[in-house]
Amino acid sequence: MEEIVSCNTLKDSPRGLAAIEQLEKIAPPNDPLIRQLVLRSKAGLGKRENGQIVPYTLEEELDMLFRAIRLTAPRFDLDTIHQGLYCLDEVKVINQIATAYSDLGEQKKAVDIYYQLLKYIKSHFKNILQSGGLLPLVSFNYARELDLAGRYAEAVEIAQTGWDACKQYGQYYTLPSAIALIAECYHFLGKDDQSKDLYRQAYYVYKAIGNARGVSVVEKETKKYFGEEFTL
């Protein structure tokens, strides 16, 4: 199960699907917690089809995620998230549901879910180490949706919450993404000097942790916003 969670984080579909196959061979068939992990992991990792690994459609992904959350929270309702009580794995499923709605272009629904979820995490998970870094993750996802919606000042505020949590509790996975997001928002807010400084910080954190995709994103965004003469 720990191997599967690691593969979910790293988006390592081949290794993750192989680990799921191993788990399904040895796990009790009707264990709801294991079944929930399998469903939410498959939704993110994809499926084998004709010798290839292909993603599920977003509609299939949402169906799997709703089935996953209702294995342990049968009365789950997107409009009343605040009325429930959820363990860490359930919060991860809800986070995935919000991401799927975002990918479907339903930003308003995604923003509402992230708003409720961030509020829930702050009030119920006092120890960020025990919560597995959910506060930085959900803060970044929420801020990203606000950024996409053009709500830049709000996005900065929420991303800063995630940045502060990363520093305070040593959870650095989403740190460079939060910094780069704030940098982009500052550009759109007309604060290019601050934006450039933050892009540089994000760039070197991405380089330090070996995140080539993040490095590439920062390079493309800075060239787009500041021109070829800008150097990191």
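Everything below is about the structure printed above this text.
As the structure is a computational prediction, the values presented were derived from the model and not from experiment. (Residues numbered from 1 in each chain as written. Predicted model: local features only at pLDDT ≥ 70, side-chain atom pairs only at ≥ 80, totals over all residues. Heavy atoms only, no water.)

**Student:** How would you sum up the nonpolar core? Please name residues and give values.
**Tutor:** If you look at the biggest cluster of nonpolar residues, it comprises 62 residues, and the most contacted ones within it are Phe76 and Ile97. Judged by nonpolar contacts, the second largest core, of ten residues, contains Leu17, Leu23, Ala27 and Leu45. (Core = buried A, V, L, I, M, F, W, Y, C linked by side-chain atoms within 4.5 Å. Buried < 20%, exposed > 50% of the residue type's maximum accessible area, 1.4 Å probe, protein only.)

**Student:** Residues and numbers for the environment of Lys109, please.
**Tutor:** Residue placement: Lys109 occurs in helix H6 (residues 107–124). What makes Lys109 partly exposed here is its relative accessible area of 36%. Each C-alpha atom, one on Lys109 and one on Leu23, is 34 Å from the other, the two residues being 86 residues apart in sequence. In this structure Lys109 touches Leu78 and Tyr101, once residues within four positions along its chain are discounted. (Helix = DSSP H or I, 4+ residues; strand = E, 2+ residues; numbered from the N terminus. Contact = heavy atoms within 4.5 Å.)

**Student:** Please give an account of the layout of surface pockets that cites residues and values.
**Tutor:** By rolling a water-sized probe across the atoms, one finds the places where empty space is left. The computed volume of the largest pocket comes to approximately 1,800 Å³. Taken together, 48 residues form the lining of the largest pocket, with Thr9, Lys11, Leu137, Asn141 and Tyr173 sitting closest to its centre. When contributions to the lining of the largest pocket are tallied by element, the ones reaching two or more residues are helix H1 (2–10), helix H3 (32–45), helix H5 (88–103), helix H7 (134–148), helix H9 (175–188) and helix H11 (212–226). Of all the elements, H7 adds the most residues to the lining of the largest pocket, at eight residues. Residues of the lining of the largest pocket, tallied by class, amount to 20 nonpolar, 18 polar and ten charged. A class-by-class count of the residues in the lining of the second largest pocket yields five nonpolar, three polar and two charged. (1 Å grid on protein atoms, 1.4 Å probe; cavity = no way out; pocket = protein on both sides within 12 Å on 5 of 7 lines; lining within 4 Å. Points joined across faces, edges and corners; volume = space filled by probe spheres on them. Nonpolar A, V, L, I, M, F, W, Y, C, P; charged D, E, K, R; others polar.)

**Student:** I'd like a description of the pattern of salt bridges, backed by residues and values.
**Tutor:** When the charged atoms of two side chains lie near each other, side chains of opposite charge can form a pair. Here the structure, examined in full by the defined rule, presents twelve salt bridges. With a closest N to O distance of 3.7 Å, Glu24 and Arg35 form a salt bridge. Remark: Arg35 occurs in helix H3 and Glu24 occurs in helix H2 (residues 13–26); sequence separation between them is eleven residues. One salt bridge connects Glu60 with Lys47, and the closest N-O pair in it is separated by 3.9 Å. Highlighted residues: Glu60 in helix H4 (residues 58–72) and Lys47 in strand E1 (residues 47–49), separated in sequence by 13 residues. One network of salt bridges, with partners in common, ties together Glu3, Asp12 and Arg15. (Salt bridge = Lys/Arg side-chain N within 4 Å of Asp/Glu carboxyl O.)

**Student:** Describe the packing of aromatic side chains, and please don't skip the residues or the numbers.
**Tutor:** All told, the structure shown has ten aromatic pairs when counted by the stated rule. Both rings, one in Phe76 and one in Tyr86, keep their centres 6.2 Å apart while their planes meet at 75 degrees; by these two values the pair is edge-to-face. Taken together, the residues span a long stretch of sequence, with Phe76 in the loop between H4 and H5 and Tyr86 in the loop between H4 and H5 at a distance of ten residues. By the burial criterion, Phe76 is buried, and Tyr86 matches it. Seen from their ring centres, Tyr152 and Phe188 are 4.9 Å apart, and the 15 degrees between their planes marks the pair as stacked. In this pair, Tyr152 sits in helix H8 (residues 152–169) while Phe188 sits in helix H9, placing the two residues 36 residues apart along the sequence. Here Phe188 falls in the partly exposed class, since its relative accessible area comes to 39%. Of the aromatic side chains, those joined through ring pairs into one cluster are Tyr152, Phe188, Tyr199, Tyr225, Phe226 and Phe230. The side chain of Lys196 reaches across the aromatic face of Phe226, ending 5.3 Å from its centre. (Phe/Tyr/Trp six-rings, centres within 6.5 Å; stacked < 30°, edge-to-face > 60°. Lys NZ or Arg CZ within 6 Å of the ring centre and 35° of its normal.)

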